[in-house]
Amino acid sequence: ELLYSLFVEAVEQVPIAISITDKKAKILYVNEEFCRVTGYRPEDILGENESLLSDKRTPREVYYDLWRTISAKKVWRGTLCNRHRSGERYLSDLTIAPMLNEAGAITHYIGMHRDITQSY
Ligand code: FAD
């Protein structure tokens, strides 16, 4: 019980933007850093698709590669052009890992990203 609340607090407070989605990228959970980086409050974005963050400038091939990789149960890492709630664009260094059940089937995806605009 104590360890459980410690895990929850750790994910809430870790300084990387974390989201958990279903298999179609519908957002089920976001942590505090995700809200800070994207500008959305949980109530704005829970239930929406991650594509809400897309600036639509990221080449389609990047998304094909992303989905091909994660649906094959592998970890994908890359850079996307995202849009903050304010409309401002930022570069996102994103890692997506599939979450598997005991039978080895994908149940969710976990996304972890950082705003790397300043590094360019
Ligand atoms: P979409 O129609 O959503 O996707 C483009 C192509 O991807 C489709 O033509 C299809 O080939 C493929 N595709 C889409 N959904 C599926 C699916 N369920 N299974 C297999 N293939 C599929 N995108 C961002 O732009 N920024 C982010 O920060 C971001 N974070 C993500 C985090 C997680 C955990 C996941 C799972 C996805 C994330 N995505 C993110 C991808 C996002 O869900 C969209 O696929 C993407 O933004 C493109 O959106 P779209 O509306 O242009 O096209």
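Residues numbered from 1 in each chain as written. Predicted model: local features only at pLDDT ≥ 70, side-chain atom pairs only at ≥ 80, totals over all residues. Heavy atoms only, no water.

## Topic: the pattern of salt bridges
- Tallied over the full model, the rule gives 10 salt bridges.
- Here Glu43 makes a salt bridge to Arg41, at a shortest N to O gap of 3.9 Å.
- The salt bridge involving Asp55 is made with Arg57; its shortest N-O contact spans 3.0 Å.
- A cluster of three or more residues bridged by salt bridges with shared partners is formed by Arg41, Glu43, Asp44 and Arg85. (Salt bridge = Lys/Arg side-chain N within 4 Å of Asp/Glu carboxyl O.)

## Description of the site of the ligand
- In the region of the ligand, 21 residues are neighbours, and Asn49, Arg60, Tyr63, Trp67 and Asn82 sit closest.
- Tyr63 has a polar side-chain atom sitting 3.1 Å from an oxygen atom of the ligand.
- Here an oxygen atom of the ligand sits 2.9 Å away from a polar atom, N or O, in the side chain of Trp67.
- Burial of the ligand by the surrounding chains reaches 76%, relative to a free accessible area of 920 Å².
- Assessed atom by atom at 2 Å from the grid points, the ligand resides in the largest pocket. (Near = heavy atom within 4 Å. Polar contact = N/O pair within 3.5 Å; in protein donor to acceptor, adjacent residues only side chain to side chain. Areas by Shrake-Rupley, 256 points an atom, 1.4 Å probe, with all protein chains shown as cover. 1 Å grid on protein atoms, 1.4 Å probe; cavity = no way out; pocket = protein on both sides within 12 Å on 5 of 7 lines; lining within 4 Å. Sits in = over half its atoms within 2 Å of the grid points.)

## Some details on the layout of surface pockets
- Here the largest pocket defines a volume of roughly 480 Å³.
- Taken together, 26 residues form the lining of the largest pocket, with Glu50, Ser51, Tyr63, Leu66 and Leu80 sitting closest to its centre.
- Of all the secondary structure elements, the ones that give two or more residues to the lining of the largest pocket are β1 (17-21), α4 (60-71), β3 (76-83), β4 (89-100) and β5 (106-115).
- Classifying every residue of the lining of the largest pocket gives 13 nonpolar, 10 polar and 3 charged. (Points joined across faces, edges and corners; volume = space filled by probe spheres on them. Helix = DSSP H or I, 4+ residues; strand = E, 2+ residues; numbered from the N terminus. Nonpolar A, V, L, I, M, F, W, Y, C, P; charged D, E, K, R; others polar.)

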